[in-house]
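Structural characterization, general
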Amino acid sequence: MNLSWMFGPSMEQRHLLYVYVLVWVVQGGYAAWVVWQWFRTKQEPRP
Amino acid sequence: MERSRILGSLAFAWLLLTLAMIVFATRLGLVMAPPDALQGNVGRIFYYHVPHSMLSLVWPYLNLAASIGFLYWRRRDPLKALSADALAIASAEVTLVYATICLTTGMLWGRVQWGIWWTWDARLTSMLLLWLLYVSYMMLRKFSSTGQTQTLAAVLSIFAAIDVPIVYKSIDWWRTQHPSPVFFSKDPDAGVDKSMMPAFVANIIAWAMWGILLIAIRYALERRRQALEQDAALKAIEDSLEFTR
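Residues numbered from 1 in each chain as written. Chains lettered and ligands numbered in written order. Predicted model: local features only at pLDDT ≥ 70, side-chain atom pairs only at ≥ 80, totals over all residues.

What follows covers the overall build of chain B. A tally of regular secondary structure across chain B gives 7 helices and 0 strands. Secondary structure of chain B in N-to-C order comes out as α-α-α-α-α-α-α. The principal-axis extent of the C-alpha atoms belonging to chain B is close to 80 × 40 × 30 Å. Within chain B, the proportion of its 245 residues that are buried is 36%. Residue pairs in contact within chain B that sit at least 24 positions apart in sequence constitute 76% of those at least 6 positions apart. (Helix = DSSP H or I, 4+ residues; strand = E, 2+ residues; numbered from the N terminus. Buried ≥ 20, exposed ≤ 12 C-beta atoms within 10 Å, placed from the backbone. Contact = placed C-beta atoms within 7 Å.)

As structure tokens, this is what we get:
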């Protein structure tokens, strides 16, 4: 899979790259925050 | 314990399937689909922008249904109301994530195609309003200290849901800067070329699967928090009873 055409100096190339990176960062970041909160919120055994 | 283990395995399997689908859909969008005849490669932004935009108009209805459920059950069945409230906050957060991506990817595309980052176009403005409503929703939930926070948030989610059909129909009602509808359009010239459809459909499915996973995990987290708060409240009551003896 050759994606070298995405990495260039033109605005078209930069903005296309930003969009794909931004989506992965935002979605991955939110997922990581939820998982981190999950492990931080300790579930104590109920009596 | 057995039930939570089964749900955990199911979530893990769903995660693997979703990640595979996202990689497949991204490959279709970046490699397999041809460049747009008018826009060239920058048109590939749409394979991420359009699914996120469509889904950011779907999740608010889940938020609306959960909020109505909360308002209905809050006096009749408080346990069901707590469940509904957990679903409401989970779907609201995911809506905000998707709406944020919709706006930012749209701006990145607009800067290339229109030469501007932003315009007060009907679609953009109504979408910004939806985003602001969900930011308000999250701020209300985070900072309000009244006992009515959940009820106020549920009412706010009804206002947000009213904006959704306005966002959807805005490009029919007011013809301004935003491109005309691509899907479900009455215009015979509108639509997507057949060679681009697999990438669009795959991305819609992939990001819908991801959204469902996020909502499920966030819902489970909120239920865990609620259980801890209930335990803490029960313990406080028990301690106070012992103190009065």
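There's more to say after this.
All names here are of chain B. End to end, helix α1 (residues 2-32) covers 43 Å across 31 residues, agreeing with the expected 45 Å (1.5 Å per residue, within 8%). Within the span of α1, buried status applies to T18, I22, A25, T26 and G29. In this structure, the buried side of α1 is in contact with α2 (46-55) and α7 (197-244). (Expected span 1.5 Å × (residues − 1).)

On to the packing of helix α5 (residues 122-143) of chain B against helix α6 (residues 149-173) of chain B. Residues and elements named next belong to chain B. Between α5 and α6, the least distance of the axes is 9 Å, while the angle of their chain directions is 170°. One element, α5, and the other, α6, form an angle in the roughly antiparallel class. Among the residues forming the contact of α5 with α6, the class breakdown is 17 nonpolar, 5 polar and 3 charged. (Axes fitted to C-alpha atoms, helices over the stretch in contact; angles between N-to-C directions. Parallel < 35°, antiparallel > 145°, perpendicular 65-115°, else oblique. Nonpolar A, V, L, I, M, F, W, Y, C, P; charged D, E, K, R; others polar.)

Here we take up the nonpolar core. Soluble globular proteins: nonpolar side chains tend toward being buried together. In terms of nonpolar packing, the biggest core is built from 61 residues, with B:I45, B:A88, B:Y98, B:A99, B:M127, B:L130 and B:Y134 touching the most fellow members. Those elements giving two or more residues to this core turn out to be α1 (11-40) of chain A together with α1, α2, α3 (59-76), α4 (78-113), α5, α6 and α7 of chain B. Among the elements that line this core, the one with the most residues is α4(B), at 19 residues. Apart from residues no more than four positions distant in its own chain, B:M127 is found in contact with B:A99, B:C102, B:L103 and B:V167. (Core = buried A, V, L, I, M, F, W, Y, C linked by C-beta atoms within 7 Å.)

Residue and element names in this part refer to chain B. At a minimum axis distance of 9 Å, the contact between α3 and α6 shows a crossing angle of 145°. In terms of crossing hand, the pair formed by α3 and α6 is left-handed. Taking contact as the criterion, the partners of P60, Y61, N63, L64, S67, F70, L71 and R74 in α3 are, on α6, Q150, T151, A154, S157, I158, A160, A161 and V164. A per-class count over the contact of α3 with α6 returns 10 nonpolar, 5 polar and 1 charged. (Left-handed = near helix turned anticlockwise from the far one by under 90°.)

Let's shift gears to the interface of chain B and chain A. For an interface, size is often stated in terms of accessible area lost upon the parts coming together. Chain B puts 26 residues into the contact, and the matching count from chain A is 23 residues. At the level of secondary structure, the elements contributing two or more residues to the side of chain B that touches chain A comprise α1, α4 and α7 of chain B. No other element matches α7(B), which puts 9 residues into the side of chain B that touches chain A. In terms of residue class, the side of chain B that touches chain A is built from 14 nonpolar, 5 polar and 7 charged.

Time to look at the environment of B:A66. Residues and elements named next belong to chain B. Locating A66 in the fold gives a position in helix α3. Between the alpha carbons of A66 and S83 there is a distance of 8.6 Å; along the sequence they are 17 residues apart. Leave out the neighbours within four places in its chain, and A66 touches A84, L87, A88 and S91.

A few words now on the environment of B:V192. Residue and element names in this part refer to chain B. Considering the arrangement of structural elements, one finds V192 in the loop between α6 and α7. Placed 10 residues apart in sequence, V192 and V182 show a C-alpha to C-alpha distance of 6.5 Å. Here V192 is in contact with V182, M197 and F200, once residues within four sequence places are set aside.

Our next topic: the environment of A:Q13. Residue and element names in this part refer to chain A. With respect to the helices and strands, the residue Q13 is situated in helix α1. Judged by the 16 C-beta atoms lying within 10 Å of it, Q13 falls in the partly exposed class. The residues contacting Q13, other than those within four sequence positions of it, are M6, F7 and G8.

Take the confidence of the model for chain B next. Of the residues in chain B, 96% have a pLDDT of 70 or more, and the chain-wide mean is 92. Among the scores for the predicted complex, ipTM is 0.90 and pTM is 0.92. (pLDDT = per-residue confidence, 0-100.)

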